[in-house]
Amino acid sequence: MTVLRQQAVQLVQQIPEDQMPNIIQYLHSLVRKVGIDHSLESKSASSPKMKAFGELEKMVRSVPELDYKKELEDARDEKYGRSD
């Protein structure tokens with residue numbers, strides 16, 4: 001294992017368990033971006049449910065952060081017609 005991989009593994013080990021789904025999602029997106037298409041199981045051995053889940057995972061996209069106060073203000077302005 002290279003030094004960089006060891007550093008990556010050490011960092012992942014320090015991350016709290018509740019953040020692991022985010023890390024897994026990020027790694028999946030990174031793997032797709034790089035173009036590596038290795039699955040954890042062989043495609044022939046996976047069940048139809050796992051294949052469907054894999055298809056859903058391919059559709060996952062990151063969502064931009066929202067400014068909730070601005071969104072609320074805009075919605076109120078639209079609904080009540082306030083203009084400053």
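Note that this is a predicted model, so its numbers are computed, not measured.

Rules used in this analysis
Residues numbered from 1 in each chain as written. Predicted model: local features only at pLDDT ≥ 70, side-chain atom pairs only at ≥ 80, totals over all residues. Heavy atoms only, no water. Helix = DSSP H or I, 4+ residues; strand = E, 2+ residues; numbered from the N terminus. Areas by Shrake-Rupley, 256 points an atom, 1.4 Å probe, with all protein chains shown as cover. 1 Å grid on protein atoms, 1.4 Å probe; cavity = no way out; pocket = protein on both sides within 12 Å on 5 of 7 lines; lining within 4 Å. Points joined across faces, edges and corners; volume = space filled by probe spheres on them. Salt bridge = Lys/Arg side-chain N within 4 Å of Asp/Glu carboxyl O. Buried < 20%, exposed > 50% of the residue type's maximum accessible area, 1.4 Å probe, protein only. Patch = residues over 30% accessible without salt bridge, like charges linked within 9 Å, V, L, I, M, F, W, Y side chains within 5 Å. pLDDT = per-residue confidence, 0-100.

Asks: Any chance you could explain the overall build of the protein here in plain terms?
Replies: A tally of regular secondary structure across the protein gives four helices and zero strands. Starting at the N terminus, the α and β elements of the protein follow one another as α-α-α-α. Accessible area for the protein stands at about 8300 Å²; split by element, carbon and sulfur atoms hold 58% of it.

Asks: Explain the layout of surface pockets here, please?
Replies: Sizing a probe to match a water molecule and rolling it over the atoms shows the empty space that remains. Empty space within the second largest pocket amounts to approximately 440 Å³. Around the second largest pocket sit L4, R5, A8, V9, L11, V12, I15, I23, Y26, L27 and L30, which together line it. Looking at the lining of the second largest pocket, the elements with two or more residues in it are helix 1 (3–14) and helix 2 (20–34). By residue number, the principal contributor to the lining of the second largest pocket is helix 1, which donates six residues.

Asks: Would you take a moment to explain the pattern of salt bridges for this structure?
Replies: Opposite charge on two side chains lets them pair, provided their charged atoms get close. Inspection of the entire model under this criterion finds two salt bridges. With a closest N to O distance of 3.4 Å, K58 and E55 form a salt bridge. Note that K58 and E55 are positioned in helix 3 (residues 48–58) at a spacing of three residues, about one turn of the helix. Residue class for K58 comes out partly exposed when judged on its relative accessible area of 37%. For E55, a relative accessible area of 43% puts it in the partly exposed group. Linking D74 and K70 is a salt bridge whose minimum nitrogen-to-oxygen distance equals 3.0 Å. Taken together, the residues span about one helical turn, with D74 and K70 both in helix 4 (residues 68–80) at a distance of four residues. A residue is classified by how much of its surface remains accessible, and D74, at 34% relative accessible area, is partly exposed.

Asks: Before we go on, may I ask you to explain a nonpolar patch on the surface in this structure?
Replies: Side chains of Y26, L27, L30 and V34 sit close together on the surface and give an oily, nonpolar patch of about 380 Å² of accessible area. Note on V34: relative accessible area 57%, which makes it exposed.

Asks: It is not clear to me how the confidence of the model for the protein should be interpreted in this structure. Could you clarify?
Replies: A low pLDDT score tells you not to read the predicted coordinates there in detail. Predicted confidence across the protein gives a mean pLDDT of 82, with 85% of residues reaching 70 or more. Put simply, helix 2 is where the protein has its lowest mean pLDDT, 84, and helix 4 is where it has its highest, 92.

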